[in-house]
Amino acid sequence: MGEYKSARLDEVFNALCDPTRRAILARLTDASARVTDIAADFPISLNSISKHIRMLERAGLLRRSVSGRDHVLSLDAEPLAEASAWIERYRRFWEGRLAALDTYVTSKKRKRK
Amino acid sequence: MNAAIAPATVVVRRTIAASAEDLFDAWLDPEALAIWMRPGGIRKTTAKVDPRVGGRYEIVMQGDSTFPHTGEYRVIDRPKRLVFTWISNGTEQRESLVTVDFLRTGRQTEVVVTHEQLPQSQRTSHTNGWTSALEHLDEHYAA
């Protein structure tokens, strides 16, 4: 399970470290959109946009539904929640450690005086 | 959506009334680590360090179970910057990277911890850190 989760987390992080892919996600925050509409928003080829979209789908960040000839994409924010759980755990951990470092170093200094 | 740009990175900072040297040294001293690297629920921490670039450390936190943390020192620039890898159950035994910066502000020092999850494709060569990793990823996907 851990293996699966971290592999997916890698895909999420990789997917997010490209400005075009972030822009695609941003475009889908408010409403779903057709692939062709998204492609029209970006000054790159439909082929490149499709590649970006496939990466986002692999990371589980996008859902695709097909109605007739239209492929409609919508945002799935759940993988982002996994990523933010990792962040939250380490934020709490390091905040606690820095507080303890503060206590340790400042009390040691007082004792020395 | 821009909030999701850097989900891979945790930055925590704290200004402490101590010198950068004293604070820096507490990161590489096993006796000091045993005291302050002990989160709630942990009864005992033991640390072994080999404080040179390429040297490894092991910090074992014992509570209801045992939580080993291991890694390798990448940058040791006293008293300004310390960079080491970090592998634990929390990272699912994958390598992550911790950078600690010590910034003097008058008689105080601001300690900034940046903890980054490393992209898989960069795990073997990440000495230049996250920025370089991002550049490589961009190149990779642009190809």
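Residues numbered from 1 in each chain as written. Chains lettered and ligands numbered in written order. Predicted model: local features only at pLDDT ≥ 70, side-chain atom pairs only at ≥ 80, totals over all residues.

1. Things to note about helix 5 (residues 78-112) of chain A
Inference 1: For helix 5 of chain A, with 35 residues, the first-to-last C-alpha span of 51 Å sits near the 51 Å given by 1.5 Å per residue.
Inference 2: For helix 5 of chain A, the set of buried residues is Pro79, Leu80, Trp86, Tyr90, Trp94, Leu98, Leu101, Tyr104 and Val105 of chain A. (Helix = DSSP H or I, 4+ residues; strand = E, 2+ residues; numbered from the N terminus. Expected span 1.5 Å × (residues − 1). Buried ≥ 20, exposed ≤ 12 C-beta atoms within 10 Å, placed from the backbone.)

2. Details of the sheet that holds strand 5 (residues 81-86) of chain B
Inference 1: The strand order across the open sheet built from seven strands is 1-7-6-5-4-3-2 (chain B), with neighbouring strands paired in antiparallel fashion. Of all strands in the sheet, those with a lone pairing partner are strand 1 (9-16) and strand 2 (44-49) of chain B, marking the two edges. Each adjacent strand pair in this sheet contributes to an overall mean axis angle of 20°, direction not counted.
Inference 2: The pairing of strand 1 of chain B with strand 7 (residues 108-117) of chain B spans eight bridges and is antiparallel. Across the sheet, residue Val12 of chain B finds its bridge partner in strand 7 of chain B, namely Val113 of chain B.
Inference 3: Sitting on the sheet, helix 5 of chain A is in contact with strand 1 and strand 7 of chain B, with an inclination near 20° to strand 1 of chain B. (Pairing = 2+ DSSP bridges. Axes fitted to C-alpha atoms, helices over the stretch in contact; angles between N-to-C directions. Contact = placed C-beta atoms within 7 Å.)

3. What about the sheet that holds strand 3 (residues 70-75) of chain A?
All names here are of chain A.
Inference 1: Read across the open sheet, the three strands follow the order 1-3-2; overall the sheet is antiparallel. Looking at which strands have only one partner, the edges of the open sheet turn out to be strand 1 (33-34) and strand 2 (62-67).
Inference 2: Taken together, the six bridges between strand 2 and strand 3 define a ladder with antiparallel strand orientation. Considered in strand 3, the bridge of Ser65 is made with Val72.

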